[in-house]
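Examining the three-dimensional arrangement
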Amino acid sequence: DADLDRIEHAGLALHPRPLFVGSAGLARALARTFPRKRPAPCPAVSRRPVVTVVGSASAVSALQARRLARNPSNILVQMTWTREPARRDIFAVHRLGHLVAQAAPRVHYVLTGGETARGVLNARNIREFRLLGEVEPGVPFGMAREGTLICTKAGGFGAPDTLARWKATGPGWQTRMAKILRESV
């Protein structure tokens, strides 16, 4: 926890403040920093399509995307890597996020990989969202002010069926999020 507290402290000292994504441990470190206050009520969860965006080069994410793609009703956008990405490739991942946000602005998102999340959320002008829970340990989800549900997953995290398991019930994903949301306020 001490390492995560140092990362949190250094990040909060930066201007402009960075968008923290990807780690439930880091989220807990951030939560320890800010005073507890009664959160503003979240908007109701609206029925929207759920788009899964996989920009991570992790082999784990690639396998999860293949499993998710087995069901043609899932909406999956994936960047396929043929080599280990380099620093110069961050622009391409951000561009993917921008294209997804333009093509699908009124959806809920499952975002795999930190740069992927940054690209989509920046393009949607979502600078913050309220953390509401975890869909499974280490995989946080929350809601943006205008009602978009956002679930983030570190690229190398999870079992081969992690993405497919979340989406297996289709609209049930949103139903589960709505239930957790009701319990959190």
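Our subject in this report is the structure included herewith. (Residues numbered from 1 in each chain as written. Predicted model: local features only at pLDDT ≥ 70, side-chain atom pairs only at ≥ 80, totals over all residues. Heavy atoms only, no water.)

Observations concerning the side chain of Gln 64
Inspection of the secondary structure puts Gln 64 in helix H3 (residues 59-69). Given the relative accessible area of 0%, Gln 64 is considered buried. Here Lys 153 takes part through its side chain, which lies 2.8 Å from a polar atom of the side chain of Gln 64. In terms of polar contacts, Gln 64 uses its side chain to reach the backbone carbonyl oxygen of Phe 157, at 2.9 Å. (Helix = DSSP H or I, 4+ residues; strand = E, 2+ residues; numbered from the N terminus. Buried < 20%, exposed > 50% of the residue type's maximum accessible area, 1.4 Å probe, protein only. Polar contact = N/O pair within 3.5 Å; in protein donor to acceptor, adjacent residues only side chain to side chain.)

Quick word on the pattern of salt bridges
Taken as a whole and judged by the stated rule, the model has 7 salt bridges. The salt bridge partner of Glu 146 is Arg 48, with a shortest N-O separation of 3.9 Å. On the criterion of sequence distance, the pair formed by Glu 146 in the loop between strand S5 (139-143) and strand S6 (149-153) and Arg 48 in the loop between helix H2 (24-33) and strand S1 (50-54) is long-range, its members being 98 residues apart. According to the relative accessible area criterion, Arg 48 is buried, its value standing at 7%. (Salt bridge = Lys/Arg side-chain N within 4 Å of Asp/Glu carboxyl O.)

Quick look at the sheet that holds S5
The mixed open sheet is built from 6 strands, whose spatial order is S2-S1-S3-S6-S5-S4. At either end of the open sheet lies a strand with only one pairing partner, and these are strand S2 (75-78) and strand S4 (130-136). Each adjacent strand pair in this sheet contributes to an overall mean axis angle of 20 degrees, direction not counted. In terms of strand pairing, strand S3 (residues 108-112) meets S6 through 4 bridges, oriented parallel. Within the sheet, the bridge partner assigned to Tyr 109 lies in S6 and is Ile 150. (Pairing = 2+ DSSP bridges. Axes fitted to C-alpha atoms, helices over the stretch in contact; angles between N-to-C directions.)

The quantities given are spatial measurements derived from coordinates; they are silent on function.
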